[in-house]
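Close look at the chain arrangement
Spelled out, the chains give:
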Amino acid sequence: MEIRINKYLSMNGVCSRRAADKLVADGRVEINGRTAAAGDQVTDGMSVTVDGNLVKEQRQDVLIAFNKPRGIVCTASDKQGDNDIIRYIHYGRRIFTIGRLDKDSEGLILLTNNGEIMNRMTSARYRHEKEYIVNIDRPVTEEFVRKMADGVWLEKLERMTAPCVCEKTARQQFRIVLIQGLNRQIRRMCEACGAHVTRLRRVREMNIRLDDLPVGKWRDVSQEEYKELMKELGMDYDR
């Protein structure tokens, strides 16, 4: 089977496809000792190196669900110390987050070693659902729910949010389902509607649910969840 070099690097946990394209363009990737070019194909038995280091094929996808506590950041950085999500989980294999949750938010975040899964789940064109439970500093009114559902103009981002599902779940709490992933989107939407978020928790991403997973703990995504996710992503089931 032939696989384009950028997809090969992504599938084996090196980086995203976009980052792989840059590695290739910078001449840092070799296939069988030859400097790779954009669009090159990799077949079984070929040796691929990045900066002289052999890329090891990962025969099994890792996909875990983590209940992120507040204070943990999703951006890997030496400055973050133990607050870095990768150090916090300490999985034992190279994995990376699928998207992000900001430092003050909590709840479900998925991590994987498969760059193709990450690409498909984070690409805006696929419009995948993410569900949140949000608490604010004032009562949730019918007008507030209507504005959130219809779409809100975010001045700092100079764009309108897409229509979404929004419903009241308690006096100062609501449920919202987004198909966008704008920077701090829910917090910005609430501020535009005159409210401030006091707690923000993601409870679902596509078919994967947080359910009763304890805060600070992770679990392997089940075979049934994985199979359904691959179907929704339009990817081959291989696990």
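Everything below is about the structure shown above.
Residues numbered from 1 in each chain as written. Predicted model: local features only at pLDDT ≥ 70, side-chain atom pairs only at ≥ 80, totals over all residues. Heavy atoms only, no water.

Concerning the pattern of salt bridges
Per the stated rule, a full pass over the model turns up 21 salt bridges. Across the pair lysine 130 and glutamate 205 runs a salt bridge, and its minimum N-O distance is 3.9 Å. Separated by 75 residues along the polypeptide, lysine 130 in strand β10 (residues 130-136) and glutamate 205 in strand β15 (residues 197-205) bring together distant segments of the chain. Judged on exposure class, the residue lysine 130 and its partner glutamate 205 are both buried. The salt bridge involving arginine 138 is made with aspartate 137; its shortest N-O contact spans 3.3 Å. Using a relative accessible area of 39% as the deciding quantity, one classes arginine 138 as partly exposed. By relative accessible area, aspartate 137 is classed as partly exposed at 35%. (Salt bridge = Lys/Arg side-chain N within 4 Å of Asp/Glu carboxyl O. Helix = DSSP H or I, 4+ residues; strand = E, 2+ residues; numbered from the N terminus. Buried < 20%, exposed > 50% of the residue type's maximum accessible area, 1.4 Å probe, protein only.)

Re the nonpolar core
Core analysis: the biggest nonpolar cluster contains 34 residues, and Val134, Phe144, Met148, Phe174, Ile176 and Cys190 have the highest contact counts within it. Looking at this core, the elements that each hand over two or more residues are β7 (63-68), α3 (85-89), β9 (106-112), β10, α5 (142-150), β14 (173-178), α6 (185-192) and β15. The greatest single-element share of this core, amounting to 4 residues, is contributed by α5. Setting aside its immediate chain neighbours within four residues, methionine 148 contacts Cys164, Cys166, Phe174, Ile176, Met189, Cys190 and Cys193. Of all hydrophobic cores here, the second largest spans 19 residues; its members include Met118, Met206, Leu229 and Leu233. (Core = buried A, V, L, I, M, F, W, Y, C linked by side-chain atoms within 4.5 Å. Contact = heavy atoms within 4.5 Å.)

Some remarks on the packing of aromatic side chains
This structure, assessed with the given rule, holds 3 aromatic pairs. When the centroid spacing of 5.7 Å and the interplanar angle of 55° are considered together, the rings of phenylalanine 66 and tyrosine 88 count as tilted. Within this pair, whereas phenylalanine 66 is found in strand β7, its partner tyrosine 88 is found in helix α3, the two being separated by 22 residues in sequence. By relative accessible area, phenylalanine 66 is classed as buried at 0%. Take tyrosine 88: its relative accessible area is 37%, and that puts it in the partly exposed class. Consider the rings of tyrosine 91 and tryptophan 218, whose centres lie 5.3 Å apart with planes at 65°: the pair is edge-to-face. One end of the pair, tyrosine 91, is in the loop between α3 and β8 (96-97); the other, tryptophan 218, is in strand β17 (residues 218-220), with 127 residues separating them in the sequence. A relative accessible area of 35% means that tryptophan 218 is categorised as partly exposed. (Phe/Tyr/Trp six-rings, centres within 6.5 Å; stacked < 30°, edge-to-face > 60°.)

Considerations on the state of the cysteines
Counted under the stated rule, the structure contains 0 disulfides. For cysteine 166, which is in no disulfide, the shortest distance to another cysteine sulfur is to cysteine 164 and amounts to 5.8 Å. By relative accessible area, cysteine 166 is classed as buried at 11%. With no disulfide of its own, cysteine 193 has cysteine 190 as its nearest cysteine by sulfur position, at a separation of 7.0 Å. (Disulfide = S-S within 2.5 Å.)

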